[in-house]
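These are the residues of each chain, in order.
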Amino acid sequence: MIKSIKGTRDILPPESALWSRVENTAREIFERYGFAEVRTPIFESTELFARGVGADTDIVSKEMYTFEDRDERSLTLRPEGTAPVVRAHIEHRLQQETSIAKLYYLGPMFRRERPQKGRYRQFHQIGAEVLGSDNPAIEAEVLEMLQFFLRLLGIQDQTLLVNSIGCPACRPQFLEHLKRSLAEKKTGLCPDCQRRSETNPLRVLDCKVESCQPAIESLPKISDFLDSACRAHFEKFLGYLASRQVAFTIVPRLVRGLDYYTRTTFEITSGALGAQNTLIGGGRYDGLAEALGGPSTKGFGFALGLERILLVLQDRGNPPDPLTPQVYLAPLGERAFDTATLIAKCMRENGIRCFLDFDARSLKSHLRLANKLGSLYALIFGEVELQAGNYQLKQMTNGEQTTLTPDELMRAAESSGQADLRTSILKALFLARSTYHF
RNA sequence: GUGAGUGUAGCUCAGCUGGUAGAGCGCUGGAUUGUGGCUCCAGUGGUCGUGGGUUCGAUCCCCAUCACUCACCCCA
């Protein structure tokens, strides 16, 4: 049997309906905040990520799906969305169009990691970027938008964690002090942290091992090393959050794993997710556009993990509201079936979700299927009805069944105003009869 | 890349110190020649993940391998 490959999965109904709901909510809300959709290719030149994300990051050094095409160009399945959006912004000179661009995207990303809860090799992100401004007010607005978005989905118990990681001007001093301090405390650290002290000192701050905590507490804090511009930026940002009544927690140890982040970073987490509890992550990246060879363009953005959002929603027992038929057609006999195909055509042209099976079935079997599908009505007709020119309409929810006469169909067709489902069905049926003469 | 756990019917799982497999749900049909859901009956279902070893005999014990899950690393 051919199976989907490791770390990928099929999203089947009714779960897929829940995905649509989340995606539609995001589109609706982001557009309300002035963002427009951008669709970038799923694969890009490998260099884009090497330069944008950082050659030394885990993503680039060991997690990318990279291959050569026939021109021997190195291509990579996108592992994240920000670098491609910034690339597109530079390539199409969008800065010339408007000084500020607000773009959102949604789609699959690819990283070759060991799958686990809330982590896949093909996973899906919704993200947004604001390009062309370094005003911290933008950041506060985006976070307000995200909390609104989560609230609409019914995710209330989220936590917003914020921090500033400084800029290329002030971070090096901090890193130096951090490294020196780490070297002194080396013996008190776990093996992972001893290694991280060399390879990625910032990550030591994020260590969860209990025995490391005392040492971590005594390490220098980034906030003590921010230069005046970064400090002012961060304080304004916090002020804007407060005035918008967006609740937050400052976490001085919050760091990001991608090279392009500067100044503001944030994370929105939720419990009940297992080890991967980050729902949304993002921050400012004022140097990215230049690193990619474009004009200096300040940027701020985020990405949210759809799989993780869905995990939280499913954990809450959200009903995935499946698309049930509004009418199930139950023709009895060959002649009735031929008529049913015409009725189905007319129903569908008039906006009614209608189900017609192609096997000859007994009435019992028809109704069982209608019930199984959750259909609201069943339209029953066989030779008896065809002779008399009428139909049996059964309401599946309460079992009430009425005989529809040609007279009644005509009355429904002539009624005006907002039609309920039953009337809409009668109208479509009338239309089918007068169009196809049966 | 590392560690741990789990692989038995479409799904969720039983299977006692090794004697070649069961239940519930589902699906199909019937009880009700043209009336669903509840009930009852019948039918459909499985190379016991794969390969090798031990044994008279392995779903069970041993080894290997693959897959899945969770965790580490790291990230959404």
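It should be emphasised that the depicted structure is a prediction, and the values quoted were computed from it without experimental measurement.

**A short note on the side chain of Gln-392**
The residue Gln-392 is located in strand E15 (residues 391-395) in this model. Here Gln-392 falls in the buried class, since its relative accessible area comes to 15%. Polar side-chain contacts of Gln-392 include one of 2.9 Å to the side chain of Gln-401. Side chain to side chain, Gln-392 and Thr-403 meet in a polar contact 3.4 Å long. Gln-392 has contacts with Ala-378, Leu-379, Ile-380, Glu-385, Gln-401, Thr-402 and Thr-403, leaving out every residue within four places of it along the chain.

**Notes on the pairing of strand E16 (residues 401-404)**
As defined by bridge partners, E15 adjoins E16 across four bridges and the pair is classed as antiparallel. For Leu-393, the partnering residue across the bridge sits in E16 and is Thr-402. Hairpin connection between E15 and E16: a loop of five residues separates the two successive antiparallel strands, and Gly-399 in this loop has a positive phi of roughly 80 degrees.

**Some details on the domain arrangement of chain A**
Domain annotation for chain A reports domain 1 (15-170 + 226-315) and domain 2 (327-436). A straight line from the C-alpha centre of domain 1 to that of domain 2 covers 50 Å.

**Details of the pattern of salt bridges**
Enumeration over the complete set of coordinates arrives at 19 salt bridges. With a closest N to O distance of 2.7 Å, Glu-37 and Arg-27 form a salt bridge. On the criterion of sequence distance, the pair formed by Glu-37 in strand E1 (residues 36-37) and Arg-27 in helix H1 (residues 15-32) is long-range, its members being 10 residues apart. For Glu-37, a relative accessible area of 29% translates into the label partly exposed. Here Glu-383 ties to Arg-335 by a salt bridge, and the two come within 3.2 Å at their closest N and O atoms. Of this pair, Glu-383 sits in helix H16 (residues 383-388) while Arg-335 sits in helix H14 (residues 334-349), placing them 48 residues apart in sequence. Taking the relative accessible area as the measure of exposure, Glu-383 reaches 35% and is therefore partly exposed. The network of salt bridges with shared partners includes Lys-102, Glu-141, Glu-144 and Arg-244.

Reading the values: the criteria
Residues numbered from 1 in each chain as written. Chains lettered and ligands numbered in written order. Predicted model: local features only at pLDDT ≥ 70, side-chain atom pairs only at ≥ 80, totals over all residues. Heavy atoms only, no water. Helix = DSSP H or I, 4+ residues; strand = E, 2+ residues; numbered from the N terminus. Buried < 20%, exposed > 50% of the residue type's maximum accessible area, 1.4 Å probe, protein only. Polar contact = N/O pair within 3.5 Å; in protein donor to acceptor, adjacent residues only side chain to side chain. Contact = heavy atoms within 4.5 Å. Pairing = 2+ DSSP bridges. Domains from an automatic or database assignment. Salt bridge = Lys/Arg side-chain N within 4 Å of Asp/Glu carboxyl O.

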